[in-house]
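# Fold and geometry: a report
Now for the letters of each chain:
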Amino acid sequence: MPTKKTIKLANPRVSLASVSRKKTIKSPVKRKATVSVKKTLNPHLRLSARLMKINLSSTKAAKLELKRLNPNVAEFAPVLKNLQKSDKVKARRFAAAFATNLRTDDQIRRFYGDIAANAATERKELIKAIRLEKRGLQIVHAVALMPSAQGKSLMRDFARNSRGDLDDAAAKDVRDWLQRAGKAMRSRKMALPHYDSPFDKPVADFVSDVADAVVQGVKSVVNAVVDAVGNVVKAIAKVVKDIVNWTVDQVANLVQAAITAGKKIADLVKGALQAGAKALRMMIKGIQAAGKAIYDVLEAAARFTYEAARSVVDAIKKIGGKIRDLVSWLAKKTFSVVKKFVDSLIKIGESIVNILKEAIKFGAKLVQNAVRAMLEVGKSIATILAAAVTRPGSLFETVVREMRRLGKVAKTILNDIKNAASNLVSKTVKALTKIGTTMVEFTSYLATATLSVAKKVLQGLLDAGKIIKDVVVSIAKKGISAIKKVFQAAFQLGKTLVDLTVDLGKMVGKVLVDSVKALFQLGQTVVNYVKATMNSAFDLAGKLLDAAIKAGKAVGNILTSALSQGFAIFRRSVYAILKHAGPIGDMVDWALKQVGDLAVNSLQMIVDAIQVAGRSMKQLLDKAKTLTNAAFNKVIEAMNAAGVFISDMIEWAQKAGALALKRMGEALVKLGHSVEYVLLWIEKDVFEGLEKMMEGMYKAGAAIADFVSWALNKPVEILERVFTKILELGGTIQELLIDTINHPDKIFENAYKALKAAKQTTKDIIAEAVTLPAKEFVEKVVNTALKLKESALDILEGAAIIGGSALGVVVALLLEWFPGEYRPLTPEETAEAKKVFGNSIRLEEVRLSVKSIPIDIIQKINNERPFTTMYLINFASWNTLSNPVLIHELMHVWQAVQTGPFYMAHAIWAQETEGEGYNYGYTDAYDGDGGADALNAEGGNLDAFNPEQQAQIAEHYYVRRFLEEMAPAEYAAWQPYADIIKAKTA
């Protein structure tokens, strides 16, 4: 039993051991002794004699008096109550001073028991006063000594701030007390730690040797803090906030105390996590220093969220934790735990290869769980395998095996890594082969894989000990294209045709024939094939040649072999084959596979031979019809060079259908034949073949002008069909007009009719015509339209779509066709006009319309607004012209005189732009009121305004000065512009 320690106090009657909580509660002898002491005291006498006279003017003064008097704690409560009746401030000073005089656990327990007995409000004030004397540790110590209910009340008053959170200073006192208590339990297993002694003695000197008392005290403190804050994690977070500045040993002490109080490692870690990354790292160090393993921390983190677990793993790594320890711990955990920690490791930057390297040390099951976890957290198969392949030994094969056990079939694995480096793909295939993946799985994948991927897979199969024959036999059911892919991959891997014939010799039946076909389709010539077979034994060579014949290469064999012996022999061979009804189609196919002049010469030779043999060209053309456009064109080129009549070719095309006609037209134009020459042979059967021939010829580059030139001298029905087709092919009305405009009127009339037959409206035609580059072109189109009795309104509306000077041309033409009646200005009108225009217009030449059919039409379109054409002012026959409007229109005459071209388009435009088109800034359209600012801003620059605005300025000047007779200041803003107008000469 440890030796008891006694502290010598100012009043040495009580030792620490004699008042320890355990001894006090369980020793009846001691309890009697205490009672007997109480009986000897007369508190009332002490109160009246000593304490009632102490100086309470300040806490400092009270402390000095109490230190001198050294009162018994039993005297405290009566004096406090008495003081509270008269002066609560002095009562609080008394309590604060008394607290500084406490020396033993019994004194602290009894003193704070008396404090706790006060009403809540006064109790809080008393605690506040005591805290000001820096007795926070003492208060915490008191909580440890007191019954649970009292301790919790005391802690709430001490620790909780106005927000209901743990006060920072209180948190520090709690943290320091717990650290000291933990230290006592760890090092000396002594009783509850004392508050911070004024004699600066070690905590160990202030606790008893009764471990149960310490444990119970720690629990009381921790539970009271949690009760005060309301949440254990929140409380811990607040308490451990500043542990980053502690030593590891101090943190271990705190951990020891918390765990002793029944708190879980999970609570400590969560609290530290809330306090920050540094606090978390220090907490984990403290947990380890307190005797707990890192596995205990991991067990706690296993129940955290993914994000929290990741923070814990990161902290462990940063304090020097080894990945091996974590992985070894995972070996016996469920998949959900493995997934959480694998995710954490990856996200804190741990490499996949390191995780797998450690996992394999603890068995295949952990590798499987790790791989599954990686896949589920978003890592691709390719990423995992690329990491594993960098490690020597069995890791890579193990990872592949576990992927298969997870249900990943070969296709899935290969699809994911197909774009990876060749080395990874081939090693994966090799590993898959070793663990029992069947050839069927590989070839099923190869059949749909790209060539580059197939090459990588084939390399892996060869590395695993397979041969080309094994692969081809397995993949043959997928067709020749699949076999071709295998051969292409083999060639790219450096295999020669000789190498492949060795494998071919091990095949039989349809697989062999299809394989030979595949080689030929890959471009292997019969000559090369024969050369390769000659490296084999005689029987094998015969077997391979037989397969080539069954593969349909007999004719090709003959032709190629003949060609290698000279052109003369080759030519005789071609003639002989065709004379004996040899397959024209096969020969054409062969010829088209040749390069350059050889292909052209071969085709031409075949055509010559067909003619000499008296066989029909239909077979050749029927074959050509099945070919690509490029090949079809080559056949037609050969036939043309051999002198076959174009009429025969076109006759065949008419019978072969629309597509044949189109392709024939394209081919013939590409050979340099003109549109007129080609269409000459189709004119007799025009409607059935013309349009399709045009499509092909147009595609080959035939110009629209060539079609027009040919069609203009043909019947109107043909012309209409040609124009309709040209428009369908993307030609425009304007192109057709330009290509026909210079032809005689009668022919042009037919062209115009053809456009109408092609469902083009008068408006459409006129709208395109008015954009033609020359005025005479426009006139010809409009005159033709009028001659053909087209509606003047339609003509005008078509021109209005474009507007501008083109509209003026059309109006002028209409006026020529439908002349009206005009009158000069009256003397009164002339006099009014001179007020504004002076001599800037030859007013005697101005004419006003009286009656005109086109003008009336235009007026209807233009919402009855007048419009001007040079010196002609046009308005509807049913309207009269007021003087202001006359001035407005005369301004347009002035503009036309000054600028030259017709001024007409404003009549139509005004209807669309009424508002901003006319308004230069005024608010009153009659006299221009409100427009002065805009006029002044431009400083007399008439060109700053558009033509309609200029006319409005002239009109408003006239109204303000001459009609309204306003004061000069009222038309001053308009005067500079009027001066400019009047100053010009006609």
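No experiment lies behind these values; they were computed from the predicted model shown.

## Notes on empty space enclosed by the protein
- Considering all chains together, one arrives at seven cavities of 30 Å³ or more under this definition.
- Considering only enclosed or pocket space, the largest cavity measures out at about 120 Å³ in volume.
- Along its surface, the largest cavity is lined by 14 residues, and Leu 178, Val 222, Ile 236, Val 239 and Ala 258 are the ones closest to its centre.
- Within the residue set of the lining of the largest cavity, elements represented by two or more residues are α11 (168–187), α12 (211–229), α13 (232–239) and α14 (248–260).
- In terms of residue count, α12 provides more of the lining of the largest cavity than any other element does, four residues in total.
- For the lining of the largest cavity, the residue count by class is 13 nonpolar, no polar and one charged.

## Considerations on the packing of helix α4 (residues 59–69) against helix α6 (residues 88–99)
- Contact geometry for α4 and α6: axes closest at 8 Å, N-to-C directions at 50°. Of the possible angle classes, the one that applies to α4 and α6 is oblique. For the pair α4 and α6, the sense of crossing is right-handed. Along its contact with α4, which presents Thr 59, Ala 62, Lys 63 and Leu 66, the element α6 presents Arg 93, Phe 94, Ala 96, Ala 97 and Phe 98.
- In terms of residue class, the contact of α4 with α6 is built from six nonpolar, one polar and two charged.

## Some points on the environment of Ile 352
- In this structure, Ile 352 sits in helix α21 (residues 352–359).
- Along the chain, Ile 352 and Ala 388 lie 36 residues apart, while their C-alpha atoms are 7.7 Å from each other.
- Apart from the residues lying within four places of it in its own chain, the contact partners of Ile 352 are Met 374, Lys 379, Thr 383, Ile 384 and Ala 387.

## Here we look at helix α20 (residues 335–347)
- Here α20 contains 13 residues, and its C-alpha end-to-end distance of 18 Å stays within 8% of the 18 Å for a straight helix at 1.5 Å per residue.
- Where burial is concerned, most of α20 is hidden: eleven out of the 13 residues are buried.
- For α20, the complete set of buried residues consists of Phe 335, Val 337, Val 338, Lys 339, Lys 340, Phe 341, Val 342, Asp 343, Ser 344, Leu 345 and Ile 346.
- Looking at the buried residues of α20, the elements they touch are α17 (294–301), α18 (306–318), α19 (323–330), α21 and α22 (364–376).
- Downstream of α20 by a residue or two, Gly 349 has a phi angle that is positive, lying close to 100°.

## Considerations on the environment of Ile 468
- Locating Ile 468 in the fold gives a position in helix α29 (residues 468–475).
- Given the relative accessible area of 4%, Ile 468 is considered buried.
- For Ile 468 and Phe 487, which are 19 residues apart along the polypeptide, the C-alpha to C-alpha distance reads 8.4 Å.
- Apart from residues lying up to four places away in sequence, Ile 468 is in contact with Leu 458, Leu 462, Val 486, Phe 487, Ala 490, Leu 500 and Asp 503.

## Here we look at unusual backbone geometry
- Phi at Asn 70 is positive, roughly 45°, even though this residue is not glycine.
- By the secondary structure assignment, Asn 70 is in the loop between α4 and α5 (76–86).
- Take Asn 70: its relative accessible area is 22%, and that puts it in the partly exposed class.

## Re the confidence of the model for the protein
- Of all residues in the protein, 80% have pLDDT values of 70 or greater, and the mean over the chain is 79.
- Contacts for the low-pLDDT stretch residues 43–48, under 50 throughout, to residues beyond four places or in other chains number ten contacts.
- Scored below 50 in pLDDT, residues 190–211 shows 73 contacts in the model against residues more than four places distant or in partner chains.

Each value, and the rule that gives it
- Residues numbered from 1 in each chain as written.
- Predicted model: local features only at pLDDT ≥ 70, side-chain atom pairs only at ≥ 80, totals over all residues.
- Heavy atoms only, no water.
- 1 Å grid on protein atoms, 1.4 Å probe; cavity = no way out; pocket = protein on both sides within 12 Å on 5 of 7 lines; lining within 4 Å.
- Points joined across faces, edges and corners; volume = space filled by probe spheres on them.
- Helix = DSSP H or I, 4+ residues; strand = E, 2+ residues; numbered from the N terminus.
- Nonpolar A, V, L, I, M, F, W, Y, C, P; charged D, E, K, R; others polar.
- Axes fitted to C-alpha atoms, helices over the stretch in contact; angles between N-to-C directions.
- Parallel < 35°, antiparallel > 145°, perpendicular 65-115°, else oblique.
- Left-handed = near helix turned anticlockwise from the far one by under 90°.
- Contact = heavy atoms within 4.5 Å.
- Expected span 1.5 Å × (residues − 1).
- Buried < 20%, exposed > 50% of the residue type's maximum accessible area, 1.4 Å probe, protein only.
- pLDDT = per-residue confidence, 0-100.

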